[in-house]
Amino acid sequence: MKKETLNICQVSLSGNIPIILENYKNFSNLYTDINFYIICPKSQVYFFKKKLNHINIYIISEDQIITFSNFKKISNNFLKKKNYYKKIQPRLKWYYQQILKISFVIDFINKYKKNIIIWDADTIILKKITFFENNTSISYGTTSEYHKAYYETNQKILKKLPKYYISCLAQFISISIDENNFLQKKLNNFKKRKGSTSHWLSNLVFKAICDTHYNYNGSMFSEYELIGQSNLIFKKNKQKLISGLREELNGKLTFTQKIITKILGYSYIAYEHARSDILSKNMLKRNQTWFFFMRLLIRKTSNKFFRGIKHIILEFIYGK
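The shown structure was predicted, so the numbers you read here are calculated from the model rather than taken from an experiment. (Residues numbered from 1 in each chain as written. Predicted model: local features only at pLDDT ≥ 70, side-chain atom pairs only at ≥ 80, totals over all residues. Heavy atoms only, no water.)

> Residues and numbers for the sheet that holds strand 2 (residues 34-40), please.
One open sheet accounts for five strands, arranged 3-2-1-4-9; its pairing is mixed. Because the sheet does not close on itself, it has two edges, and the strands there are strand 3 (57-61) and strand 9 (172-175). In this sheet, neighbouring strand axes are inclined to one another by 20° on average, regardless of whether the strands run parallel or antiparallel. Bridging between strand 4 (residues 116-119) and strand 9 involves four bridges; their strand directions are antiparallel. Paired with Trp119 across the two strands is Phe172, which belongs to strand 9. Helix 9 (residues 223-235) rests against strand 4 and strand 9 of the sheet, and its axis sits at about 40° to strand 9. (Pairing = 2+ DSSP bridges. Helix = DSSP H or I, 4+ residues; strand = E, 2+ residues; numbered from the N terminus. Axes fitted to C-alpha atoms, helices over the stretch in contact; angles between N-to-C directions. Contact = heavy atoms within 4.5 Å.)

If you want it as structure tokens, here you go:
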């Protein structure tokens with residue numbers, strides 16, 4: 001029996017191309033049939049196509065989904081009445097890329113009737129992950145993330161949240177055909193669909209943000225948490241713990257460091273090289289130092305163990 005093709009969506013700037021290439025090679029070694037759909041600025045499409053010249057990598061201009069100027073106009077129509085109107089402006093690009101991802105996957109599934117995965121462009125897979133089972137996504141979660149504002153926005157959109165949950169911010173999220181249909185029904189119940197998917201979602205997300213949050217805290221919506229919690233409500237299943245390395249990295253992991261990371265059960269590495277702090281800046285141009293690597297592993301692994309036990313206990317108490 002032919003295995004299902006993995007369809008992977010990413011939104012990226014050109015600075016992530018070295019990471020995308022390494023991640024593509026790792027996916028190709030782990031899975032027999034993959035397609036990558038990479039959304040980038042219109043001005044960078046040629047460069048992406050030149051650097052990522054593979055038959056199963058497809059480059060899509062952001063403007064084909066929604067231009068940033070149109071997105072900004074829609075979002076500011078809601079934000080103009082908020083006291084954080086000026087504060088949020090530098091952050092709109094971050095919200096924009098989330099709209100691009102959700103819009104693309106909804107339209108992709110509606111058109112091709114195929115499952116899809118959103119995968120962060122700064123993240124490299126290390127070991128094989130099972131994304132779908134019986135045409136339904138497997139719900140993964142992490143105990144190292146939790147941001148209350150995301151769930152408050154989800155509560156407004158979805159009307160209810162899962163009885164028990166941990167964060168879905170695991171650098172990726174999967175969605176199946178049936179889950180996509182369920183999500184769209186939930187979204188349509190909150191705000192009736194009008195116009196293109198991207199225009200509808202831009203209006204919907206900022207209506208939810210502005211209706212929910214009176215004070216600004218930077219991050220008030222997550223596409224991973226929205227899709228992840230919608231999937232949990234649809235399936236009423238349990239989340240599987242998954243972990244990766246991200247915080248406190250100051251360079252690219254060496255071959256030996258990657259082996260150690262995999263042995264300790266970590267499934268991916270995320271290089272947050274676009275940040276301006278001393279650890280992240282230019283991190284792709286140097287190797288990870290062993291001191292920071294060992295310190296991170298000790299802290300992360302101990303937290304993973306004890307938080308994992310807590311999660312198992314709470315899931316048993318509050319389980320569905």
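> Which residues make up the environment of Phe206, and what values do they have?
With respect to the helices, strands and loops of the structure, Phe206 is situated in helix 8 (residues 197-212). Accessibility expressed as a relative area gives 0% for Phe206, which makes it buried. Residues Phe206 and Thr153 lie 53 residues apart in sequence; the distance between their C-alpha atoms is 9.7 Å. Those residues in contact with Phe206, other than ones at most four positions away along the chain, are Phe71, Ser75, Phe78, Leu79, Ile88, Leu92 and Tyr95. (Buried < 20%, exposed > 50% of the residue type's maximum accessible area, 1.4 Å probe, protein only.)

> Report on the pattern of salt bridges, specifying residues and quantitative values.
Opposite charge on two side chains makes pairing possible when the charged atoms of those side chains draw close. Using the criterion set out here, one finds ten salt bridges in the structure. Between Glu223 and Lys101 there is a salt bridge; the shortest N-O distance is 3.0 Å. Separated by 122 residues along the polypeptide, Glu223 in helix 9 and Lys101 in helix 5 (residues 92-112) bring together distant segments of the chain. Across this residue pair, the class does not change: Glu223 and Lys101 are buried. Glu179 serves as the salt-bridge partner of Lys235, at 3.3 Å between the closest nitrogen and oxygen. With Lys235 in helix 9 and Glu179 in helix 7 (residues 177-190), this pair connects stretches of sequence that are 56 residues apart. Overall, the relative accessible area of 18% leaves Lys235 in the buried class. Linked by salt bridges that have partners in common, Lys101, Asp120 and Glu223 make up one network. (Salt bridge = Lys/Arg side-chain N within 4 Å of Asp/Glu carboxyl O.)

> Give a description of a nonpolar patch on the surface that names residues and reports values.
A contiguous nonpolar surface patch, about 350 Å² in accessible area, is contributed by Phe255, Ile259 and Ile263. On the secondary structure map, Ile263 appears in helix 10 (residues 255-263). (Patch = residues over 30% accessible without salt bridge, like charges linked within 9 Å, V, L, I, M, F, W, Y side chains within 5 Å. Areas by Shrake-Rupley, 256 points an atom, 1.4 Å probe, with all protein chains shown as cover.)

> Describe the packing of helix 3 (residues 68-79) against helix 8, naming the residues involved and giving the relevant values.
Their axes nearest at 9 Å, the elements helix 3 and helix 8 cross at an angle of 30°. One finds that helix 3 runs roughly parallel with respect to helix 8. Our pair here, helix 3 against helix 8, has a crossing hand that is right-handed. On the side of helix 3, the interface is formed by Asn70, Phe71, Ile74, Ser75, Phe78 and Leu79, while helix 8 contributes His199, Ser202, Asn203, Phe206, Lys207 and Cys210. Of the residues contributing to the contact of helix 3 with helix 8, the split by class is six nonpolar, five polar and one charged. (Parallel < 35°, antiparallel > 145°, perpendicular 65-115°, else oblique. Left-handed = near helix turned anticlockwise from the far one by under 90°. Nonpolar A, V, L, I, M, F, W, Y, C, P; charged D, E, K, R; others polar.)

> Tell me about helix 9, and name the residues and values.
The terminal C-alpha atoms of helix 9, which comprises 13 residues, lie 18 Å apart, in line with the 18 Å expected from a rise of 1.5 Å per residue. Counting buried residues in helix 9 gives twelve out of 13 residues, a clear majority hidden from the surface. Within helix 9, the full set of buried residues consists of Glu223, Tyr224, Glu225, Leu226, Ile227, Gly228, Gln229, Ser230, Asn231, Leu232, Ile233 and Lys235. Residues of helix 9 that are buried make contact with helix 5, strand 4, strand 7 (136-137), helix 6 (148-158), strand 9 and helix 7. (Expected span 1.5 Å × (residues − 1).)

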